[in-house]
Amino acid sequence: MATVTALHPGKLSEHMSFRPRYGNYIGGKWVEPASGQYFENATPITGRTFCEIPRSTAKDIELALDAAHAARESWGHTSPTQRAIIMNQIAQRMEDNLDMLALAETWDNGKPIRETTAADLPLAIDHWRYFAGCIRAQEGTLSEIDSDTVAYHFHEPLGVVGQIIPWNFPLLMAAWKLGPALATGNTVVLKPAEQTPLSALRLGELMLEAGLPDGVVNVVTGFGETAGAALAAHDGVDKVAFTGSTEVGKLILHAAAGNLKKVSLELGGKSPNIILDDADFEVKLGSAWTVCSHGGQGCVMLTRMLLPRSRYDEGIAIMEPGFRNVPYGDPTDPGNLQGPQISAVQRERVLGYIEKGKAEGARVVVGGGRPAHLEKGFYVEPTLFADVENSMTIAQEEIFGP
């Protein structure tokens, strides 16, 4: 793990050299949005705006796709060896700038610095190296059709891939999508979530430094209903890869029907856990980490525990101190496990679920509101419900909160 010292949120921008305004990264250059419009990018740590980001439209998507198509043939014909070399150089540039990227990620989405330095960035770097290695080992195959015919099977790039990534793991999700696409010779238009555009733009700078040819990756920021929808529906996109909510995933599928583009979706979940009566309850239930880390904002958080009736009260008694003692607050402090929710909207959504749980008869054991000692930022108390029926809303729907 990289060594990180606590930084006051108001001073983070000084350490990271933020620009007051960013452009889209298109064709290896920084490009102003076609509309000339920007939106304010605020940190969930304090709610303070720290830079302006392009409010892109379909015109910006068109420019990015033009750049991706211009680079498509040359990148697709680059040797696997050369693609792997460049991808390893990207990984190295990320490793050289790990602290900067980790702080950018924490400042942009509120994830504790202990996670971004020890998990998100190392894993993202490893993914770049993994796919660089995979493409070096890629082989075609031969098959005998009959006594006079042999078929040779080989892989070709799809072409231009549109990628829409979520706000909870921005750089890691970018690596998941960019790595295999670039390794196999595709060019990309990447749209980061509007809540967390900064680290993807900083990654664009590092890719340029690493020698990635112009237009191979283009980063266009903006909102889902404008930039994201335009990318998903465009006939110049051969595949769209999306991670996000189930509702938006359905819209992506409909948008892809125009040219029958390939689609891959990673959507939400509820992560039920069945604890059997012979389990070690202290081990399985003693930690709140798997629910409260990153404010519970992950699709694999262990948000629903099903306990045997014979040991139910025991299980609640074991879980209660874990939730009550979660260290939370300023995510730039390495001692904190839980930071803020991504936005005021998400905070109110989580609090709404908590109130619905109370109204439907669930019992609050720990938490259940906004922490009084954290006036700034979008924080929610670590919360534990008991006496929850499977028919209740909080047992059925993904809350994305601690």
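Computed from a prediction, not measured in an experiment: that's the story for all the values here.

Enquirer: Mind laying out the confidence of the model for the chain, listing which residues take part and the relevant values?
Expert: Averaged over all residues, the pLDDT of the chain is 92; the fraction at 70 or higher stands at 96%. Contacts for the low-pLDDT stretch residues 1–15, under 50 throughout, to residues beyond four places or in other chains number 32 contacts.

Enquirer: Which residues make up the pattern of salt bridges, and what values do they have?
Expert: In the structure shown here, the tally under the stated rule is 14 salt bridges. Of the charged contacts, one joins Glu95 and Arg129 as a salt bridge, the two residues approaching to 2.7 Å between their closest N and O atoms. Of this pair, Glu95 sits in helix H3 (residues 80–96) while Arg129 sits in helix H5 (residues 113–136); the two residues are 34 residues apart in sequence, bridging distant segments of the chain. Judged by its relative accessible area of 30%, Arg129 falls in the partly exposed class. The salt bridge involving Arg202 is made with Glu205; its shortest N-O contact spans 2.9 Å. One end of the pair, Arg202, and the other, Glu205, are both in helix H7 (residues 198–209), three residues apart, so they sit about a helical turn from each other. The class for Glu205 is buried, based on a relative accessible area of 16%. Each of the salt bridges in this network shares a partner with another, and the network as a whole consists of Arg19, Arg202 and Glu205.

Enquirer: How would you sum up the environment of Asn97? Please name residues and give values.
Expert: Checked against the element boundaries, Asn97 lands in the loop between H3 and helix H4 (98–109). With relative accessibility at 19%, the residue Asn97 sits in the buried group. Sequence separation of Asn97 and Glu282 is 185 residues, and the distance between their C-alpha atoms is 39 Å.

Enquirer: Tell me about the packing of H3 against H7, residues and numbers included.
Expert: Closest axis-to-axis distance for the H3/H7 pair is 9 Å, and the angle between their directions is 125°. Between H3 and H7, the crossing angle belongs to the class labelled oblique. Like other packed secondary-structure pairs, H3 and H7 cross with a definite hand, here right-handed. When H3 is examined against H7, the residues Ile90, Arg93 and Met94 are found in contact with a partner set consisting of Leu203, Leu206, Met207 and Glu209. The residue inventory of the contact of H3 with H7, partitioned by class, reads five nonpolar, no polar and two charged.

Enquirer: Can you lay out the state of the cysteines for me, pointing to particular residues and giving the numbers?
Expert: Two cysteines, two sulfur atoms, one covalent bond between them: this is a disulfide. Scanning the model with the defined rule gives zero disulfides in all. No disulfide involves Cys292; its sulfur sits 17 Å from that of Cys299, the nearest cysteine.

Enquirer: Please give an account of the packing of aromatic side chains that cites residues and values.
Expert: Taken as a whole and assessed by the stated rule, the structure comprises six aromatic pairs. The interplanar angle of 55° and the centroid separation of 5.3 Å between the aromatic rings of Tyr25 and Trp30 together place this pair among those described as tilted. The class for Tyr25 is buried, based on a relative accessible area of 2%. Its end group placed over the ring of Trp30, Arg19 keeps NZ or CZ at 4.9 Å from the ring centre.

Enquirer: Break down H5 for me, citing the residues and quoting the values.
Expert: With 24 residues, H5 extends 34 Å between its outermost C-alpha atoms, agreeing within 8% with the 34 Å of an ideal straight helix rising 1.5 Å per residue. All of the buried residues along H5 are Ile113, Glu115, Thr116, Thr117, Asp120, Leu121, Ala124, Ile125, Trp128, Phe131, Ala132 and Ile135. Against the buried residues of H5 lie H3, H4, helix H6 (170–183) and H7.

Enquirer: With reference to specific residues and values, describe empty space enclosed by the protein.
Expert: In this structure the tally under the stated criterion is one cavity of 30 Å³ or more. Looking at the largest cavity, its volume works out to about 60 Å³. Around the largest cavity, the lining comprises 13 residues; the ones closest to its centre are Gly269, Gly298, Thr303, Glu398 and Phe400.

Enquirer: Any chance you could break down the nonpolar core for me, citing the residues and the numbers?
Expert: Formed by 77 residues in total, the largest nonpolar core has its most connected members in Met94, Trp128, Leu182 and Val217. Considering every element that reaches this core, the biggest residue donor is H6, with nine residues. Apart from residues no more than four positions distant in its own chain, Leu182 is found in contact with Trp75, Arg83, Met87, Trp128, Val188, Leu212, Val216 and Val217.

Conventions and cut-offs
Residues numbered from 1 in each chain as written. Predicted model: local features only at pLDDT ≥ 70, side-chain atom pairs only at ≥ 80, totals over all residues. Heavy atoms only, no water. pLDDT = per-residue confidence, 0-100. Contact = heavy atoms within 4.5 Å. Salt bridge = Lys/Arg side-chain N within 4 Å of Asp/Glu carboxyl O. Helix = DSSP H or I, 4+ residues; strand = E, 2+ residues; numbered from the N terminus. Buried < 20%, exposed > 50% of the residue type's maximum accessible area, 1.4 Å probe, protein only. Axes fitted to C-alpha atoms, helices over the stretch in contact; angles between N-to-C directions. Parallel < 35°, antiparallel > 145°, perpendicular 65-115°, else oblique. Left-handed = near helix turned anticlockwise from the far one by under 90°. Nonpolar A, V, L, I, M, F, W, Y, C, P; charged D, E, K, R; others polar. Disulfide = S-S within 2.5 Å. Phe/Tyr/Trp six-rings, centres within 6.5 Å; stacked < 30°, edge-to-face > 60°. Lys NZ or Arg CZ within 6 Å of the ring centre and 35° of its normal. Expected span 1.5 Å × (residues − 1). 1 Å grid on protein atoms, 1.4 Å probe; cavity = no way out; pocket = protein on both sides within 12 Å on 5 of 7 lines; lining within 4 Å. Points joined across faces, edges and corners; volume = space filled by probe spheres on them. Core = buried A, V, L, I, M, F, W, Y, C linked by side-chain atoms within 4.5 Å.

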